[in-house]
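# Summary of the model geometry
Below are the chains, spelled out letter by letter.
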Amino acid sequence: DVIALKDGVLVFLEIKTRRDSRFGSPEEAVDWKKRQKLTRVAQAYLQAEGLENQAARFDVLSVIWDGRQEPRFSLLEDAFMVEA
């Protein structure tokens, strides 16, 4: 969802929002299949930009928001490693 540079590290940020955690937390939606897709997209981006040696990580921003109360945010830095 977002690509940003923080402290010299390229951050690929996946944002997941849910109304509640009845069916699991938003970050649980970043399953193996989603991590595979994010990894492929990140690798393609790094290659296209000539950044193959750039330090990078994957973060997940979890948002629970029912639209009535204030949203709750939780940032999971280094959420997962690049998967082959």
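Residues numbered from 1 in each chain as written. Predicted model: local features only at pLDDT ≥ 70, side-chain atom pairs only at ≥ 80, totals over all residues. Heavy atoms only, no water.

### A few points about the packing of aromatic side chains
Keep this limit in mind: Any Phe, Tyr or Trp ring, taking Trp's six-membered ring, that has another such ring centre within 6.5 Å forms a pair; planes under 30 degrees apart are called stacked, those over 60 apart edge-to-face, and the others tilted. Working definition: helices are DSSP H or I runs of at least four residues, strands are E runs of at least two. Numbering for both runs from the N terminus.
All chains considered together, the criterion is met by three aromatic pairs. When the centroid spacing of 4.5 Å and the interplanar angle of 15° are considered together, the rings of Phe-58 and Phe-80 count as stacked. Here Phe-58 is found in strand E3 (residues 56–64), whereas its partner Phe-80 is found in strand E4 (residues 72–80), with 22 residues between them in sequence. Taken together, Phe-12, Tyr-45, Phe-58 and Phe-80 form an aromatic cluster joined through their ring pairs.

### Some words on the sheet that holds E4
For sheets, the rule is that strands pair by backbone hydrogen bonds, running either parallel or antiparallel. Operational definition: Any two strands with at least two DSSP-identified bridges between them are counted as paired. Axis definition: a line fitted to C-alpha atoms, over the contacting stretch in the case of helices. Angles run 0 to 180 degrees between N-to-C directions.
Pairing is mixed across the open sheet formed by four strands, whose spatial order is E1-E2-E3-E4. Lying at the two open borders of the sheet, with one neighbouring strand each, are strand E1 (2–6) and E4. For this sheet the average axis-to-axis angle between neighbouring strands, irrespective of direction, equals 30°. Two strands pair when backbone bridges link them, and E3 and E4 are joined in this way by six bridges, in the antiparallel orientation. Of the residues in E4, the one forming a bridge with Ser-62 is Ser-74.

### A word on the side chain of Lys-16
We apply this condition: Remark: exposure states derive from per-residue accessible area (1.4 Å probe, protein chains only) relative to the maximum for the residue type, with buried under 20%, exposed over 50%, and partly exposed in between. Should any heavy atoms of two residues lie within 4.5 Å, those residues are counted as being in contact.
Looking at the element boundaries, Lys-16 is found in strand E2 (residues 9–18). We classify Lys-16 as buried; its relative accessible area is 16%. Contacts of Lys-16, omitting those with residues within four sequence positions, involve Pro-26, Ala-29, Val-30, Lys-34, Leu-61, Ser-62 and Val-63.

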